[in-house]
Every structure is written in C-alpha cells, then in structure tokens.
Amino acid sequence: MTNPAVPAAFQARATVMTNGATGEAIGVGIEAIPAYNLTEDRQKFHPQGRDNGYVLSLDGFRIYISGDTEGIPEMRALENIDLAFVCMNLPFTMDAEAAADAVSDFKPTYCYPYQFRGRDDGKQDPAVFAAAVNKAVQVKLGGWY
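Residues numbered from 1 in each chain as written. Predicted model: local features only at pLDDT ≥ 70, side-chain atom pairs only at ≥ 80, totals over all residues. Heavy atoms only, no water.

Helix and strand counts for the protein chain stand at 4 helices and 7 strands. In summary, the protein chain has a C-alpha radius of gyration of 15 Å against a globular reference of 15 Å for 145 residues, a match within 12%. The dimensions of the protein chain, computed from C-alpha atoms along their principal axes, are 45 × 35 × 30 Å. Evaluated residue by residue, the protein chain yields a buried proportion of 37% over its 145 residues. Of all intrachain contacts in the protein chain linking residues separated by at least 6 positions in sequence, the fraction that spans at least 24 positions is 58%. Approximately 8300 Å² of the protein chain is accessible, and the part contributed by carbon and sulfur atoms is 54%. Looking at charge distribution, the protein chain has the averaged site of its 12 positive side-chain charges lying 4 Å from that of its 18 negative ones. (Helix = DSSP H or I, 4+ residues; strand = E, 2+ residues; numbered from the N terminus. Rg over C-alpha atoms; globule rule 2.2 N^0.38 Å. Buried < 20%, exposed > 50% of the residue type's maximum accessible area, 1.4 Å probe, protein only. Contact = heavy atoms within 4.5 Å. Areas by Shrake-Rupley, 256 points an atom, 1.4 Å probe, with all protein chains shown as cover. Lys, Arg positive; Asp, Glu negative; His and termini not counted. Charge placed at Lys NZ, Arg CZ, Asp CG, Glu CD.)

Attention now moves to the pairing of strand β2 (residues 28-35). Where a strand is regular, its side chains alternate between the two sheet faces. Of all 8 residues in β2, 6 are buried; the element is thus mostly enclosed. For strand β1 (residues 22-25) and β2, the ladder comprises 4 bridges, and the chain directions are antiparallel. What sits directly across from T22, in β2, is E31. In this structure, the hairpin formed by β1 and β2 is closed by a connection of 2 residues, where I26 is found at a positive phi of approximately 45 degrees. With 7 bridges connecting them, β2 and strand β3 (residues 51-58) associate as antiparallel partners. Residue pairing for β3: I33 is matched across the bridge by G53. (Pairing = 2+ DSSP bridges.)

We now examine the nonpolar core. Within the largest apolar cluster, 25 residues are counted, with the highest numbers of intra-cluster contacts made by Y64, M75, L78, V86, V103, F106 and F129. In terms of residue count, the dominant contributor to this core is helix α3 (residues 96-106) (6 residues). (Core = buried A, V, L, I, M, F, W, Y, C linked by side-chain atoms within 4.5 Å.)

Quick look at the structure:
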C-alpha cells in the first residue's frame, strides 16, 4: 500500500501492520490495537478493521496511542498501560465524557487527551475529561494547542 503524501524513501522503510499485529523497531515493541468507531453515523470515518492505535513497549514502560477511535472493547481491555494518549475529536471520534469512560476502564497511570481543539461547546473540554475520568488515572494536559 502506498501513500503519495509519504516520501518514497520513508515508504521503503515502512512496515504495514494490521489490527492485532505485533512487531519491534529499534528495540521498541509495537502492538497494533484496532481503532474504529462504534457509533453508526461515525463508522464512515473509521470503519472496523482498517485503522490502528498502538501500544509501544520500551524497557517495560507501556505507552498507548489511541489513534482515531471511540471507546472500543479492545481499548477498554488494555492492561498495564503507563501512559495513554486518547483522542477526543467530534464528530470523528468521541467526546470528553466518552473518552473518560473508556480510560476509566483500562486505568493507565497517566493520560493525555488530544485532538480536542476546535469546539467551544464543552464536549471536547479537557477539564471535563479530567473531572470525569477515574481518579486512579493522573490526567496530564499538554500545552500543544
């Protein structure tokens, strides 16, 4: 599979990972976690079986990057996640409360919400996310917006 937006030199070094695949690069373990939407009208954006999130493992430290997804069973079933980056990007993924509900199930030690810029109705407010997430999770708010 080629992507014209990615330079050919990078495409030659890339490895395509399907949902559930595992691998390793430069000493980092990589698990491809499915990323998809459950809500019927959002499935057109991220259909099941196409997209990935990833768990990266380095010296026993596990990092989850959700990719574009809703709070799917595969996310909720994650274990031993030290740091999670979880999206909140309506109308394409989920709102702050849905993201907090999913994160509360797998309880990473730390969590950064991302992709929340652009709405002013509170549905993607990182403060709403932080207030709603399980108190066992330490929410970190990045200054990237």
